[in-house]
Amino acid sequence: MSRSGQQRAILSWILSLPAPVLRLLSGGVATYREGRTLDPRLQFLAAGARRGRPMSAMTPEEARRASAAAFRATAEAPPSGVRIEALTVPGGEGDRPARLYRPSRPSPEVPVLVFAHMGGGVIGDLDTTDGFCGRLAETLRGPVVSVDYRLAPEHRFPAGYEDVLAAFRWARDNAGALGAPAGRAAIGGDSMGGLFAAALAQELKRAGEPGPELQLLVYPCVDLASETPSMTAFADAFPLDRATMDWFVGHYLPPGADPADPRNAPGRTGDLSGLAPAVIATAGFDPLVDQGEAYARRLAAAGVPVDYRRYDSLVHGFTAFGGVVPEAHRACGEIAGLVAARLSQPLRKD
């Protein structure tokens, strides 16, 4: 067993303790806010994290190492039946590494799904959502391409977004070679990856270019300058708090950049009609929960088909906790099922 597997096994054993014991180890009382109760396993992990150094006090390099180590201990592995291949895809300025997930029982009718990982545009890599992308490929029975886009502050806005946009265009135009119907692609992402996905869908619509057939937005940020009530109510949440969000934005945006640019704030766009159907999932204990919920409502009001789920006991980043938090594992499975159901419907006519 690998070291990360051993760490996950030990952590899983600890987190299998009864909820009252975990709460006692976490301070003795349940974390309850806005009518929601935090999963006791996540409460335990949050208590441990608060005894350490906050990400907002780290350099980007330190934060990348720390987050990668944490996710190795909590994330689930991809399903054994999914074949994983290394790829190189076009980016905004040169090629980018990517990872292709092929299911063991592919359906010839399922579009390729391009996915962008979380991390505020500063941290994260192809391993960050490895297990979740594998779950998506298995459940959808279609190929998934995960993109290793450029990170800030070495490459500030719009570098990461342009990488994902270029990768989507490539996957759409080469879908047949990836095992999907020619010219058919979907886009997805979590957190900052969700922002990229939402902005990309809007940009391609404005350009009159073939866009995604579906947009998967998991606890998305859709407005870098948002000041919704949840930004205050969950300002001290784990693992994403307000100080960390400010740290991300400070590294991501170059001096003078407009946070209201449609690529930074797709949630502010006036006309949302004609966009791709959406599957949107949020976490109850997350400063961004209001953003995702409001965007889902606005899309639905504009006539866009939307499946929305809020997982009240979970936190931001729950796709990386599926290996040790059963509710996160269940949520990831439900989200994948919603995407599969949407993509199995007849091709929409614009």
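Just so it is clear, the structure is predicted and the values come from calculations on it, not from any experiment. (Residues numbered from 1 in each chain as written. Predicted model: local features only at pLDDT ≥ 70, side-chain atom pairs only at ≥ 80, totals over all residues. Heavy atoms only, no water.)

## A look at the overall build of the chain
A count of helices and strands for the chain gives eleven helices and ten strands. Taken over the C-alpha trace, the chain has a radius of gyration of 19 Å; the compact-globule value for 350 residues is 20 Å, and the two agree within 12%. Judged by the C-alpha coordinates and their principal axes, the chain covers about 55 × 45 × 40 Å. Of all 350 residues assigned to the chain, the portion counted as buried reaches 55%. Pairs at least 24 residues apart make up 76% of the contacts formed inside the chain by residues separated by at least 6 positions. With an accessible surface of roughly 13900 Å², the chain has 54% of that area assigned to carbon and sulfur atoms. For the chain, the distance from the average position of its 37 positive side-chain charges to the average position of its 38 negative side-chain charges is 4 Å. (Helix = DSSP H or I, 4+ residues; strand = E, 2+ residues; numbered from the N terminus. Rg over C-alpha atoms; globule rule 2.2 N^0.38 Å. Buried < 20%, exposed > 50% of the residue type's maximum accessible area, 1.4 Å probe, protein only. Contact = heavy atoms within 4.5 Å. Areas by Shrake-Rupley, 256 points an atom, 1.4 Å probe, with all protein chains shown as cover. Lys, Arg positive; Asp, Glu negative; His and termini not counted. Charge placed at Lys NZ, Arg CZ, Asp CG, Glu CD.)

## Topic: the packing of aromatic side chains
Any two aromatic rings considered together are summarised by their centre-to-centre distance and by the angle between their planes. The full count for this structure, using the stated rule, is nine aromatic pairs. Judged by centre distance (5.1 Å) and plane angle (70 degrees), the ring pair of Y219 and F318 falls under edge-to-face. Note that Y219 is positioned in the loop between β8 (215-218) and α8 (229-233) and F318 in the loop between β10 (306-315) and α11 (326-343), a separation of 99 residues in sequence. Taken together, the ring pairs connect Y149, Y161 and F196 into an aromatic cluster. (Phe/Tyr/Trp six-rings, centres within 6.5 Å; stacked < 30°, edge-to-face > 60°.)

## Considerations on the pattern of salt bridges
Across all of its chains, the model carries 28 salt bridges by this definition. The salt bridge involving D271 is made with K205; its shortest N-O contact spans 3.9 Å. A residue pair is termed long-range when its members are at least 10 positions apart, and D271 in the loop between α9 (242-252) and β9 (278-285) and K205 in helix α7 (residues 192-207) qualify at 66 residues. With relative accessibility at 48%, the residue D271 sits in the partly exposed group. (Salt bridge = Lys/Arg side-chain N within 4 Å of Asp/Glu carboxyl O.)

## Topic: the side chain of S191
Relative to the helices and strands, S191 is located in the loop between β7 (185-190) and α7. The buried category is assigned to S191, whose relative accessible area is 7%. What S191 contacts, discounting residues up to four positions off in sequence, is M118, V218, Y219, P220, C221, L288 and H316.

## Section: the pairing of strand β5 (residues 112-116)
Walk down a regular strand and you will see the side chains alternate between the two sheet faces. Among the five residues that make up β5, five are buried, leaving the element largely enclosed by the rest of the structure. Alternating positions in β5 separate into two faces, V112, V114 and A116 on one and L113 and F115 on the other, with burial throughout. The pairing of β5 with β7 spans five bridges and is parallel. Opposite V112, over in β7, you have A185 as the bridge partner. As paired strands, β5 and strand β6 (residues 144-147) are joined by four bridges and run parallel to one another. (Pairing = 2+ DSSP bridges.)

## So, helix α5 (residues 130-140)
Counting buried positions along α5 gives nine out of eleven residues, so the element sits mostly inside the fold. Restricting attention to buried positions, one finds in α5 the residues D130, G131, F132, C133, G134, R135, L136, A137 and L140. On the buried face of α5, the contacting elements are β3 (83-91), β4 (94-102), β5, β6, β8 and α11. Just downstream of α5 lies R141, where phi reads positive at about 60 degrees.

## Section: the side chain of R172
Here R172 is to be found in helix α6 (residues 159-173). Within the local environment of R172, its side chain forms a polar contact with the side chain of D173, the two groups lying 2.9 Å apart. Discounting chain neighbours no more than four positions away, the residues touching R172 are G183, R184, A185, L204, E209 and P210. (Polar contact = N/O pair within 3.5 Å; in protein donor to acceptor, adjacent residues only side chain to side chain.)

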